[in-house]
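Listed below are the residues making up each chain.
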Amino acid sequence: MLNRIKKTFFGLLLVVSSISQVMASTVIQGYVYVNKPIISSVIIRDANNKFLKTITDSAGFYQQDVSELTPPLIFFSNENSLARTVDNNQTCNGNCLVSYIHSLQKDRQNTVNINPLTDFLASELAKQVNLLGPEEFVNNQLPFLIDDTALSNAYKKFHLLFDNALPQVGIIAKSFDPVTTVNQDINQLLNVMLFNRGYDSSTGKVSGTVLFDMRLIPINRDSPFNYYQAVKQQEKNINTKQRIFILGDSTASNYDKKVYPRMGWGQVFDRFINDKADIVVINGAQSGRSSRSFKTEGWFHLMKPFMKKGDYMIIAFGHNDEKCDGSNPKRGKVDVDNLCTYPNDDNNQKQYPSKQENMSFQSSLESYLAVAKELDMTPILMTPVTRYKDHNNKIAYQYQNKNPVSHLHYTTNKPGFAYWGDYSNTIKHTAKVNHVALIDLESLSIDFANQHKDDWQSYWLVVDPNDHKYPYYKKQSSGVIGNPDATHFQEKGALAIAEIIAIAISNHPDIKQDIVDLNKIRQ
């Protein structure tokens, strides 16, 4: 009997001791979530460069004892659904979700969530120590120099963008921290938000986090997040009878209000859509992207879930695909590695380095056509819109120059180019052999440009830097009088190009005639 009592006593003592050890542990737990729970690894790195790794469960939940780690800590998940490979390239370069915590409550449970909002905060902190974004934040020791001021600045930016939206899902804004607060209501915001990483053109590296609403318009100071609006747009994207997706570059992309009057034609294209046709325009065009990088960087991946049978896919690349001059001292190698695709030769044969067919412009375009075919969509290939330049690559009709705007979307046999050829002709050939609709926007826009030799500066981006209506341009060196931007548009030009495209669509025999409203076309 005495022995039994002793065993029971020591058994209870062991239990109490075990409980005490657990209670004495510093534990971190949280959720990995994008627009759904993510099953992935979670890697934790401390100030001494020590690593721990754990895995989430089916609810995206993870838990890890970090008693041996020294804060601050960086968390990243690199096996989630966003880190899928596209043409053997890794979107987000692997480290798609990052979170950071400056200090821990010792011997207690701590919460560290990992989601697009925490990734945004990490991106803002990266900027505080002159890093490009979360990717460098993870791979660099500098983040551990983060101080209270840097943290304060990052959280101020977060609250500026989301404080109006948080109460819309029942969250008290001032006390909310997406890293440390356990509140499932935040998933309502994440469910109607898109995110990706930017691209630094000078280095070719992944840059800062960009958050988007469901219109694919960046969430920023000019456009804070509105949950109710995002829900309505998501419903519209999903339930509208047809969608028109715009895949393209800076000539078509959306722009912030602060850079007005600069606009892309895709930003205003919906003004010409037939209101009775039950169509929504989803403009995913992104500045600086080629047909290759638009896919490898994950931009196409953001749009694809909304694509359905009967939708339209406008494919408008070329400006950045041409960046194949490897000898360019500034960013030649970077452009070749990340943007460049090679046009077909004079016999319309594909050109690309051995085992790199994704660097063929035709093959790159056909990767989109394959998706359109798979989903039973109608693809529309477009040649790139013209620059306001003559055959010598000089601004047309400027400073005694009487040469007209001419075709320039080709490269020639000169040092730095592995292959050369005509990009517009490659697009035309790709449309022909794949039996898809073609709009020769280059030719149409050249005709338009040459009709406006006296007032072209009111269409392309040429802003008076002293005009008080446009304070952004006061300190700009490009896109202003004295140094015109002959590639991009201001609002009047964006509308003119969008109208040209709308007319071409309405006249095309292979495209339904009810997409655009001819009454909206200016006579």
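Remember, it's a predicted structure, so these values are computed and weren't measured experimentally.

Conventions and cut-offs
- Residues numbered from 1 in each chain as written.
- Predicted model: local features only at pLDDT ≥ 70, side-chain atom pairs only at ≥ 80, totals over all residues.
- Heavy atoms only, no water.
- Pairing = 2+ DSSP bridges.
- Helix = DSSP H or I, 4+ residues; strand = E, 2+ residues; numbered from the N terminus.
- Axes fitted to C-alpha atoms, helices over the stretch in contact; angles between N-to-C directions.
- Buried < 20%, exposed > 50% of the residue type's maximum accessible area, 1.4 Å probe, protein only.
- Salt bridge = Lys/Arg side-chain N within 4 Å of Asp/Glu carboxyl O.
- Contact = heavy atoms within 4.5 Å.
- Core = buried A, V, L, I, M, F, W, Y, C linked by side-chain atoms within 4.5 Å.
- Domains from an automatic or database assignment.
- Parallel < 35°, antiparallel > 145°, perpendicular 65-115°, else oblique.
- Left-handed = near helix turned anticlockwise from the far one by under 90°.
- Nonpolar A, V, L, I, M, F, W, Y, C, P; charged D, E, K, R; others polar.
- Expected span 1.5 Å × (residues − 1).
- Polar contact = N/O pair within 3.5 Å; in protein donor to acceptor, adjacent residues only side chain to side chain.
- Phe/Tyr/Trp six-rings, centres within 6.5 Å; stacked < 30°, edge-to-face > 60°.

### With respect to the sheet that holds strand S8 (residues 97–101)
Okay, step 1: The sheet built from 4 strands is open, its strands ordered S3-S2-S5-S8 with antiparallel pairing. Since the sheet does not close on itself, it has two edges, and those belong to strand S3 (51–55) and S8, each with one partner. With strand direction ignored, the average angle separating the axes of adjacent strands in the sheet is 20°.
Okay, step 2: Bridge count between strand S2 (residues 41–45) and strand S5 (residues 73–77): 3 bridges; the pairing is antiparallel. Each bridged residue has a counterpart across the sheet, and for Arg-45 the counterpart in S5 is Ile-74.

### Thoughts on the side chain of Thr-426
Okay, step 1: Along the chain, the position of Thr-426 falls in helix H12 (residues 423–434).
Okay, step 2: With a relative accessible area of 0%, Thr-426 lands in the buried category.

### Digging into the pairing of strand S12 (residues 242–248)
Okay, step 1: Extensive coverage of S12 is indicated by the burial of 7 of its 7 residues.
Okay, step 2: Neither face of S12 is exposed, since Gln-242, Ile-244, Ile-246 and Gly-248 on one face and Arg-243, Phe-245 and Leu-247 on the opposite face are all buried.
Okay, step 3: In this structure, S12 lies alongside strand S14 (residues 279–283), joined through 5 bridges in parallel fashion. Along S14, the bridge assignment pairs Ile-246 with Asn-283.
Okay, step 4: As paired elements, S12 and strand S15 (residues 312–316) share 5 bridges and run parallel to each other. Looking across to S15, one finds that Leu-247 is bridged to Ile-315.

### Brief notes about the pairing of strand S10 (residues 194–200)
Put simply, side chains in a regular strand alternate between the two faces of the sheet.
Okay, step 1: By the criterion of burial, S10 is predominantly enclosed, with 7 of the 7 residues buried.
Okay, step 2: One ladder, built from 6 bridges, connects S10 with strand S11 (residues 205–212); its direction is antiparallel. By the bridge assignment for S11, Asp-200 is matched with Lys-205.
Okay, step 3: Taking the residues between adjacent antiparallel strands as the criterion, S10 and S11 are bridged by 4 residues, where Gly-204 takes a positive phi near 80°.

### What to know about the pattern of salt bridges
Okay, step 1: The final tally for this structure, using the stated rule, is 19 salt bridges.
Okay, step 2: With a shortest N-O distance of 3.1 Å, Asp-335 and Arg-331 are connected by a salt bridge.
Okay, step 3: Residues joined in a network through salt bridges with shared partners are Asp-119, Glu-135 and Arg-197.

### A short note on the environment of Asp-185
Okay, step 1: Tracing the backbone shows Asp-185 in the loop between helix H4 (148–162) and helix H5 (186–190).
Okay, step 2: Each C-alpha atom of the pair Asp-185 and Leu-166 lies 8.9 Å from the other, and the pair is 19 residues apart in sequence.
Okay, step 3: Not counting residues up to four positions away in its chain, the partners in contact with Asp-185 are Val-169, Gly-170 and Ile-171.

### Observations regarding the nonpolar core
Okay, step 1: Counting residues in hydrophobic clusters, the biggest one holds 95 residues, and the most contacted among them are Phe-75, Phe-137, Phe-162, Phe-225, Leu-247 and Met-313.
Okay, step 2: The element that contributes the greatest number of residues to this core is H4, accounting for 7 residues.
Okay, step 3: Shared between two domains, this core takes at least three residues from each, and those domains are domain 1 (27–191) and domain 2 (240–507).
Okay, step 4: In terms of nonpolar packing, the next biggest core, distinct from the first, is built from 49 residues, Trp-265, Val-268, Ala-277 and Tyr-312 among them.

### What to know about the packing of helix H2 (residues 116–128) against H4
Okay, step 1: The N-to-C vectors of H2 and H4 enclose an angle of 135°; their axes lie 9 Å apart at closest approach. Classified by the angle between their axes, H2 and H4 sit oblique to one another. In this structure, the crossing between H2 and H4 has a hand that is right-handed. Counting all contacts with H2, which are made through Leu-117, Phe-120, Leu-121, Glu-124, Leu-125 and Gln-128, the residues of H4 involved are Ala-150, Leu-151, Asn-153, Ala-154, Tyr-155, Lys-157, Phe-158, Leu-161 and Phe-162.
Okay, step 2: Class assignment of the residues belonging to the contact of H2 with H4 gives a composition of 11 nonpolar, 2 polar and 2 charged.

### Concerning the packing of helix H13 (residues 441–450) against helix H14 (residues 491–507)
For any two helices packed against each other, one specifies the inter-axial angle together with the distance between the axes.
Okay, step 1: Running from N to C, H13 and H14 cross one another at 125°; their axes reach a closest spacing of 11 Å. In terms of axis orientation, H13 runs oblique to H14. For the pair H13 and H14, the sense of crossing is right-handed. Facing H13, whose interface residues are Leu-441, Leu-444, Ser-445 and Phe-448, H14 presents Ala-496, Ile-497, Ile-500, Ile-501 and Ala-504.
Okay, step 2: Partitioned by chemical class, the residues of the contact of H13 with H14 number 8 nonpolar, 1 polar and no charged.

### Quick notes on H12
Okay, step 1: Here H12 contains 12 residues, and its C-alpha end-to-end distance of 16 Å stays within 8% of the 16 Å for a straight helix at 1.5 Å per residue.
Okay, step 2: Burial in H12 covers these residues: Tyr-423, Ser-424, Thr-426, Ile-427, His-429, Thr-430 and Ala-431.
Okay, step 3: The inward-facing, buried residues of H12 contact helix H11 (361–374), strand S16 (378–382), strand S17 (410–411), strand S18 (421–422), strand S19 (437–439) and H13.
Okay, step 4: N-capping of H12 is provided by Asp-422, with a side-chain oxygen placed 3.0 Å from the backbone N of Ser-424.
Okay, step 5: Downstream of H12 by one or two residues, His-435 has phi in the positive range, about 55°.

### Details of the domain arrangement of the protein chain
Okay, step 1: Each assigned domain of the protein chain is listed here: domain 1 (27–191) and domain 2 (240–507).
Okay, step 2: Taking only C-alpha atoms, the centre of domain 1 and the centre of domain 2 are 35 Å apart.

### Things to note about the packing of aromatic side chains
Okay, step 1: Counted according to the given criterion, the structure contains 22 aromatic pairs.
Okay, step 2: Their ring planes at 35° and their centres at 6.5 Å tell us that Phe-158 and Phe-176 sit as a pair that is tilted. In this pair, Phe-158 sits in helix H4 while Phe-176 sits in the loop between H4 and H5, placing the two residues 18 residues apart along the sequence. Each member of the pair Phe-158 and Phe-176 is classed as buried.
Okay, step 3: Between the aromatic rings of Tyr-388 and Trp-456, the centroid separation amounts to 4.3 Å while the plane-to-plane angle is 5°, which identifies the pairing as stacked. Of this pair, Tyr-388 sits in the loop between S16 and S17 while Trp-456 sits in the loop between H13 and strand S20 (460–461), placing them 68 residues apart in sequence.

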